[in-house]
Amino acid sequence: MNKDDIASKVRLAIVRAFSIRHGTGAGSAHWTKSIKEELCIEGRNAGLRTTAHGVTKSDWGEWLYDVCWLKYSDACSPEKSLVDAELDFLEEAVLIVESEFGNLGDIRDDFHKLLVGRAIVRCMIWDCRPTKNEEVVEWLAEMVRSFSSTDANDFYLFAGYADNGFEFWHLDGRGVLR
């Protein structure tokens, strides 16, 4: 699966979660759970193993990030735990996700985890109104540009909450929006 296919599936899952929760008065915990649930459904539909805490559609609980899509060797099945499988070779981290519905400091802390992580796509989801999403995007892009281990082929998907839906941006490892 390529970066654009992964990003498309992630955007679809986030839009579905928005349609479920918008206008319900749900708090951040419910939003987070809905987003993680939809992301896990989409990852499993793509034939990947998923990790996330507190959702029934995940193969395993949270592991390193709020949500992961992982490609394992054929020896690894969902019935095996991460510890039990004798031949469960991790072949690829397809997606790593952090989400933060709170303040800029919490968003920064979660984004730092994505900076040091390795995956085809790294996704940051946030809501920090009243700060404008464009300001958050530029701030995160500057972090990418400043991080010495960044590779030009890195790919970030940003999803900022707005009243009428999530807004999306793609960023490469040079900190350039595409």
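Keep in mind that what you see is a predicted model, and the values were worked out from it rather than measured.

Cut-offs applied
- Each residue is numbered by its place in its chain's sequence as written, counting from 1.
- Confidence filtering applies because this is a predicted model: local features only for residues at pLDDT of at least 70, side-chain atom pairs given and counted only at 80 or more, and all residues used for totals across whole chains, interfaces and linings.
- Based on all heavy atoms of the structure, the side-chain values leave hydrogens and waters out of the count.
- Salt-bridge detection follows one rule: a side-chain nitrogen of Lys or Arg within 4 Å of a carboxyl oxygen of Asp or Glu.
- Labels follow the DSSP assignment, with helices taken as runs of H or I lasting at least four residues and strands as runs of E lasting at least two, numbered in each case from the N terminus.
- Multiplying 1.5 Å by the residue count of a helix minus one yields the expected span of that helix.
- In this scheme, a residue with accessible area under 20% of its type's maximum is buried, one over 50% is exposed, and one in between is partly exposed, where area comes from a 1.4 Å probe on protein chains only.
- In this description, the arc belongs to the directions extending from the helix axis to the C-beta atoms.
- Residues count as neighbours in contact if any of their non-hydrogen atoms are within 4.5 Å of one another.
- What qualifies as a polar contact is a pair of N or O atoms within 3.5 Å, subject to a donor-acceptor requirement within protein and to the restriction that residues adjacent in sequence count only when both atoms come from side chains.
- Strands pair, by our definition, only if DSSP identifies at least two bridges between them.
- Angles shown run from 0 to 180 degrees and are taken between the N-to-C directions of axes, each axis being a line fitted to C-alpha atoms and, for helices, limited to the stretch in contact.
- Here the nonpolar core consists of buried residues drawn from Ala, Val, Leu, Ile, Met, Phe, Trp, Tyr and Cys, with membership extended through side-chain atoms lying within 4.5 Å.

Regarding the pattern of salt bridges
Inspection of the entire model under this criterion finds 15 salt bridges. One salt bridge in this structure joins Asp 127 and Arg 129, with 2.9 Å as the shortest N-O distance. For the salt bridge of Arg 174 with Asp 172, the shortest nitrogen-to-oxygen distance reads 2.3 Å. One network of salt bridges, with partners in common, ties together Arg 16, Glu 38 and Glu 42.

Describing helix H3 (residues 104-116)
An α-helical turn contains 3.6 residues, so a residue and the one three or four places further along point in the same direction. For H3, spanning 13 residues, the distance from its first C-alpha to its last is 19 Å, which sits close to the expected 18 Å at 1.5 Å a residue. Those residues of H3 lying buried are Ile 107, Asp 110, Phe 111, Leu 114 and Leu 115. End-on, the buried residues of H3 take up no more than an arc of 155°, which puts them together on one face. Those residues of H3 hidden inside the fold are in contact with strand S3 (90-101), strand S4 (121-127), helix H4 (133-146) and strand S5 (155-162). Looking at where H3 begins, the residue whose side-chain oxygen comes 2.9 Å from the main-chain nitrogen of Gly 105 is Asn 103.

Quick look at the side chain of Thr 150
Inspection of the secondary structure assignment puts Thr 150 in the loop between H4 and S5. The contacts of Thr 150, once residues within four sequence positions are left out, are Val 144 and Gly 173.

Quick look at the sheet that holds S5
What the 6 strands build is an open sheet, ordered S1-S2-S3-S4-S5-S6; its pairing is mixed. With one partner strand each, in any of the chains shown, strand S1 (49-52) and strand S6 (165-172) form the two edges of the open sheet. Averaged over neighbouring strand pairs, the angle between their axes works out to 15° when direction is ignored. Two elements, S3 and S4, share 7 bridges in a ladder whose sense is parallel. Of the residues in S4, the one forming a bridge with Ile 96 is Arg 122. Across the sheet, helix H1 (residues 3-21) is in contact with strand S2 (67-72), S3, S4, S5 and S6; its angle to S5 comes to roughly 15°. Sitting on the sheet, H4 touches S4, S5 and S6, and the angle it makes with S6 is about 25°.

Here's the deal with the nonpolar core
If you look at the biggest cluster of nonpolar residues, it comprises 29 residues, and the most contacted ones within it are Val 10, Leu 39, Trp 69, Ile 125 and Phe 166. Listing elements by their share of this core, those giving two or more residues are H1, helix H2 (28-45), S2, S3, S4 and S5. Per-element tally for this core: the top contributor is H1, with 7 residues. Among the nonpolar cores identified, the runner-up in size contains 24 residues, and Tyr 65, Val 136, Ala 141 and Val 144 belong to it.

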